[in-house]
Amino acid sequence: MSKIVNTQHLFGGGVDMDDLAGKKILVVDDAEADRMLISSYLLHQGCRVFHAQDGIDGIHKARLVLPDLILMDVEMPECDGYAACKVLANDPFTENVPVIFLSAYSEPEKRVQGLLVGAVDYIHKPYLFDEVKLRMAIHLRNRVPQKASAYNDLDEVRLDSDQANPINNILYHSARIH
């Protein structure tokens with residue numbers, strides 16, 4: 001079970017742990033309970049949270065919403081986190097999106113493997129929410145701006161059908177819900 005620990009006083013002026021508000025975070029995990037646990041916390045921090053159920057779903061949704069950061073499980077059916085991260089790291093539209101693995105694997109070889117395929121960090125489950133928040137803030141602060149997407153900027157999609165393609169609205173809302 002993850003715990004909330006107040007560690008704000010330990011980090012003195014280096015990292016603004018309030019940097020998460022408004023950030024688009026994609027949570028990729030096949031376990032719904034784990035997705036909902038971290039999502040609830042992130043929503044409380046002001047993040048805009050998107051969900052994916054496995055690596056393939058995560059790749060598609062990352063290309064669709066271009067998140068600011070991805071939190072991804074390692075062990076998933078069909079396409080594990082390592083394979084999905086490798087695809088995202090080699091895609092020109094998602095190559096600069098930081099991926100942080102959240103995994104029960106604690107062996108050094110597994111962490112190294114995650115870093116070798118393109119992840120920027122690896123957090124062992126069960127985790128402290130403040131640790132996740134701090135690591136996210138660090139990687140978001142150090143993030144290289146991403147290239148413009150070939151996909152429409154879905155943040156600017158309006159619900160007014162005269163000004164937006166209706167299929168974009170459907171895809172955008174589908175990515176937020178699932």
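What counts and what doesn't
- Residues numbered from 1 in each chain as written.
- Predicted model: local features only at pLDDT ≥ 70, side-chain atom pairs only at ≥ 80, totals over all residues.
- Heavy atoms only, no water.
- Helix = DSSP H or I, 4+ residues; strand = E, 2+ residues; numbered from the N terminus.
- Polar contact = N/O pair within 3.5 Å; in protein donor to acceptor, adjacent residues only side chain to side chain.
- Core = buried A, V, L, I, M, F, W, Y, C linked by side-chain atoms within 4.5 Å.
- Buried < 20%, exposed > 50% of the residue type's maximum accessible area, 1.4 Å probe, protein only.
- Contact = heavy atoms within 4.5 Å.
- Pairing = 2+ DSSP bridges.
- Axes fitted to C-alpha atoms, helices over the stretch in contact; angles between N-to-C directions.
- 1 Å grid on protein atoms, 1.4 Å probe; cavity = no way out; pocket = protein on both sides within 12 Å on 5 of 7 lines; lining within 4 Å.
- Points joined across faces, edges and corners; volume = space filled by probe spheres on them.
- Nonpolar A, V, L, I, M, F, W, Y, C, P; charged D, E, K, R; others polar.

A. Spatial organisation of the side chain of Asp57. With respect to the element layout, Asp57 can be found in helix 2 (residues 55–65). One polar contact links the side chain of Asp57 to the main-chain amide nitrogen of Gln53, over a distance of 2.9 Å.

B. Region of interest: the nonpolar core. Of all hydrophobic cores here, the largest spans 23 residues; its most connected members are Leu26, Val28, Ile70, Met72 and Phe101. Of all elements in the fold, only strand 1 (24–28), strand 2 (48–52), helix 2, strand 3 (69–72), helix 3 (81–89) and strand 4 (99–103) reach the threshold of two or more residues within this core. Residues within four places of Met72 in sequence aside, it is in contact with Val28, Gly81, Ala84, Cys85, Leu88, Val99, Ile100, Phe101 and Leu102. Core analysis: the next-biggest nonpolar cluster, separate from the first, contains 18 residues, Val49, Ile123, Phe129 and Val132 among them.

C. Geometry of the sheet that holds strand 4. Sheet architecture is open: five strands sit in the order 2-1-3-4-5, paired in parallel fashion. Of all the strands in the sheet, the pair left with one neighbour each is strand 2 and strand 5 (121–124). Across the sheet, the mean angle from the axis of one strand to that of its neighbour is 20°, orientation sign disregarded. The pairing of strand 1 with strand 3 spans four bridges and is classified as parallel. In the strand pairing of strand 3, Val27 is matched with Leu71. Strand contacts of helix 3: strand 3, strand 4 and strand 5, with the helix running at about 160° to strand 3, the strand carrying the most contacts.

D. Structural view of empty space enclosed by the protein. Tallied over the full model, the rule gives one cavity of 30 Å³ or more. Considered as a void within the structure, the largest cavity measures approximately 50 Å³ in volume. Taken together, Val27, Val28, Asp29, Asp34, Ile38, Leu71, Met72, Asp73, Leu102, Lys125 and Tyr127 make up the full set of residues lining the largest cavity. Elements with a contribution of two residues or more to the lining of the largest cavity: strand 1, helix 1 (32–44) and strand 3. Residues that form the lining of the largest cavity fall into these classes: seven nonpolar, no polar and four charged.

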